[in-house]
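# What the coordinates show
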Amino acid sequence: MSSAQQPRRRRTPPQPPLVQSPNQLLTVSEVAGALRIGISTVWQRAKTGAIPQPIRVGPKQPRWRAADVLPQFAGGANAGA
């Protein structure tokens, strides 16, 4: 057996969600992927008010409206113009 250690595996970052509607509900990992931040950062920003608090669809099912957190939906049809 070799005494060399295997390199640590990198965790794959969350993938951006396929958002089809501004009213679509996104999970915390989908929000993190779309904003290119970590899941804990999503929770920190929600706590500080940088993004809205999630909508609770169940006891342990927080969701965010795409229009509330994603920049392409901010400002309606003229966003990014």
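Reference entry: report on the structure contained in this document. The structure presented is a predicted model; accordingly, all values stated were derived computationally and were not measured.

### Brief notes about the pattern of salt bridges
As enumerated under the stated definition, the model contains 1 salt bridge in all. Residue Arg-65 pairs with Asp-68 through a salt bridge whose shortest N-O separation is 3.1 Å. When its relative accessible area of 27% is taken as the criterion, Arg-65 is described as partly exposed.

### Some points on the pairing of strand β3 (residues 62–65)
Judged by which residues are buried, β3 turns out to be one-sided: Pro-62 and Trp-64 face inward and are buried, whereas Arg-63 and Arg-65, on the alternate face, are not. Bridge analysis of strand β1 (residues 25–26) against β3 gives 2 bridges, and the strand direction is antiparallel. What sits directly across from Leu-26, in β3, is Trp-64. Taken together, the 2 bridges between strand β2 (residues 55–56) and β3 define a ladder with antiparallel strand orientation. When the sheet's bridge partners are listed, Arg-56 is paired in β3 with Pro-62.

### Things to note about the sheet that holds β3
The antiparallel open sheet is built from 3 strands, whose spatial order is β1-β3-β2. Looking along the sheet, the strands with just one partner apiece sit at the ends: β1 and β2.

### Quick notes on the packing of helix α1 (residues 28–35) against helix α2 (residues 39–48)
The geometry of α1 relative to α2 is characterised by a closest axis approach of 8 Å and an angle of 95° between their N-to-C directions. Comparing their axes, α2 and α1 come out roughly perpendicular. Together, Val-28, Ser-29, Val-31 and Ala-32 of α1 and Ile-39, Val-42 and Trp-43 of α2 make up the contact between the two elements. Considering only residue class, the contact of α1 with α2 consists of 6 nonpolar, 1 polar and no charged.

### Some words on the environment of Trp-43
Within the secondary structure, Trp-43 sits in helix α2. Sequence separation between Trp-43 and Gln-53 is 10 residues, and the spatial gap between their C-alpha atoms is 8.7 Å. Each residue touching Trp-43, except ones within four places of it in the same chain, is listed here: Val-28, Pro-54, Arg-56, Pro-62 and Trp-64.

### Topic: unusual backbone geometry
The backbone phi angle of Arg-36 is positive, close to 60°, even though this residue is not glycine. Mapped onto the fold, Arg-36 is located in the loop between α1 and α2.

Criteria and cut-off values
- Residues numbered from 1 in each chain as written.
- Predicted model: local features only at pLDDT ≥ 70, side-chain atom pairs only at ≥ 80, totals over all residues.
- Heavy atoms only, no water.
- Salt bridge = Lys/Arg side-chain N within 4 Å of Asp/Glu carboxyl O.
- Buried < 20%, exposed > 50% of the residue type's maximum accessible area, 1.4 Å probe, protein only.
- Helix = DSSP H or I, 4+ residues; strand = E, 2+ residues; numbered from the N terminus.
- Pairing = 2+ DSSP bridges.
- Axes fitted to C-alpha atoms, helices over the stretch in contact; angles between N-to-C directions.
- Parallel < 35°, antiparallel > 145°, perpendicular 65-115°, else oblique.
- Contact = heavy atoms within 4.5 Å.
- Nonpolar A, V, L, I, M, F, W, Y, C, P; charged D, E, K, R; others polar.

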